[in-house]
Amino acid sequence: IDIIPEVSITLADLGLALVVLIATWASFRNVPGLVEIVVLQRLPLDSGSRYALSTVMRYLIAIIGVLVAAATMGLAWSNVQWLAAALTFGLAFGLQEIFANFVSGLIILAERPVRMGDTVTVSNVTGTVTRIRMRATTITDWERKELIIPNKTFITSDVINWTLSDTTLRITIPVGVSYEADIDKVEKLLYKIAGKNKVVLEDPKPQVLFKSFGDSTLDYELRVYIPSIEHLVSIRHEMHTTIIKEFRKAGIEIAFPQRDLHVRSIEGLEAFMPKKSEKPEKQGPDEE
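Residues numbered from 1 in each chain as written. Predicted model: local features only at pLDDT ≥ 70, side-chain atom pairs only at ≥ 80, totals over all residues. Heavy atoms only, no water.

Before going further, it helps to spend a moment on a positive patch on the surface. Residues K192, K196, K245 and K249 make up a contiguous surface patch of positive charge. Those elements giving two or more residues to the positive patch turn out to be α6 (183–196) and α7 (232–250). You can see K245 is positioned in helix α7. (Patch = residues over 30% accessible without salt bridge, like charges linked within 9 Å, V, L, I, M, F, W, Y side chains within 5 Å. Areas by Shrake-Rupley, 256 points an atom, 1.4 Å probe, with all protein chains shown as cover. Salt bridge = Lys/Arg side-chain N within 4 Å of Asp/Glu carboxyl O. Lys, Arg positive; Asp, Glu negative; His and termini not counted. Charge placed at Lys NZ, Arg CZ, Asp CG, Glu CD. Helix = DSSP H or I, 4+ residues; strand = E, 2+ residues; numbered from the N terminus.)

This is the structure in structure tokens:
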């Protein structure tokens, strides 16, 4: 019994199938971008949603184009379904990682735990998602290096998305002052420093907390909120610079660790110690 029946294919069928494939390739490259410019940008969608819809549209165009080209040559689904099932079964075992990454890519586009432009941390690497493809996702870190991560990692591993539902970020700045410092003055000055910064948000309000009594310092924390992670490094730099300048003006010492050393035994060190001079014995009145 023949699983695949004989099909006669003419030169005209091959030419028509080639035309269909060329048209599919052209549509694959241009139609999603055209639809995004003409339609999607006019809808209330963010950039991540538009990118997901465009990518799914490319997949659909490719699948439909291949099916139409096959039908043009007389290769209907009923004729090749057994062969397709066998190939799929073999590929599922031989290329299971590729299939897993492809399915994970579809889940990412549908569920959107990670979107274009999001700032994420994966495998101790933090960067911005710049590309989502069928097999892998590209992340560009702060040093402009591109990290190619398989899509399966985003589904099965722990991923930190800094901008998924809320871009607001809290920065915690520890400050240690000496035990002689005026604690009321320290608290007021930290609030003043946070209020002067134009990027720091007023809601949520900044917080100054007296955390603990350290070995050599009174440990404070200044907590401020910024609108996005883009300001993280610059605001931390500005806050550190302003704190040390204002504290110096106010005469508040930013303390550093201090240790008292008590020597209990100097055995072995006697050779390096200066010897005490021997005092002459006092002479009696009758001695010369």
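Structure shown, so let's carry the discussion forward.
Here we come to the packing of α6 against α7. Between α6 and α7, the least distance of the axes is 10 Å, while the angle of their chain directions is 140 degrees. Taken as axis vectors, α6 and α7 run oblique relative to one another. α6 and α7 meet at a crossing whose hand is right-handed. Within the contact between the two elements, α6 uses K185, V186, L189, L190, I193, A194 and K196 and α7 uses M239, T242, I243, E246, F247 and A250. Looking at the contact of α6 with α7 residue by residue, the classes come out as nine nonpolar, one polar and three charged. (Axes fitted to C-alpha atoms, helices over the stretch in contact; angles between N-to-C directions. Parallel < 35°, antiparallel > 145°, perpendicular 65-115°, else oblique. Left-handed = near helix turned anticlockwise from the far one by under 90°. Contact = heavy atoms within 4.5 Å. Nonpolar A, V, L, I, M, F, W, Y, C, P; charged D, E, K, R; others polar.)

Take the nonpolar core next. If you look at the biggest cluster of nonpolar residues, it comprises 24 residues, and the most contacted ones within it are V177, L190, L222 and F247. Excluding residues that lie within four positions of it along the chain, V177 makes contacts with V186, S216, T217, L218, Y220, F247, I252, E253, I254 and A255. Grouped together as the second largest cluster of nonpolar side chains are 13 residues, Y51, Y59, V114 and V122 included. (Core = buried A, V, L, I, M, F, W, Y, C linked by side-chain atoms within 4.5 Å. Buried < 20%, exposed > 50% of the residue type's maximum accessible area, 1.4 Å probe, protein only.)

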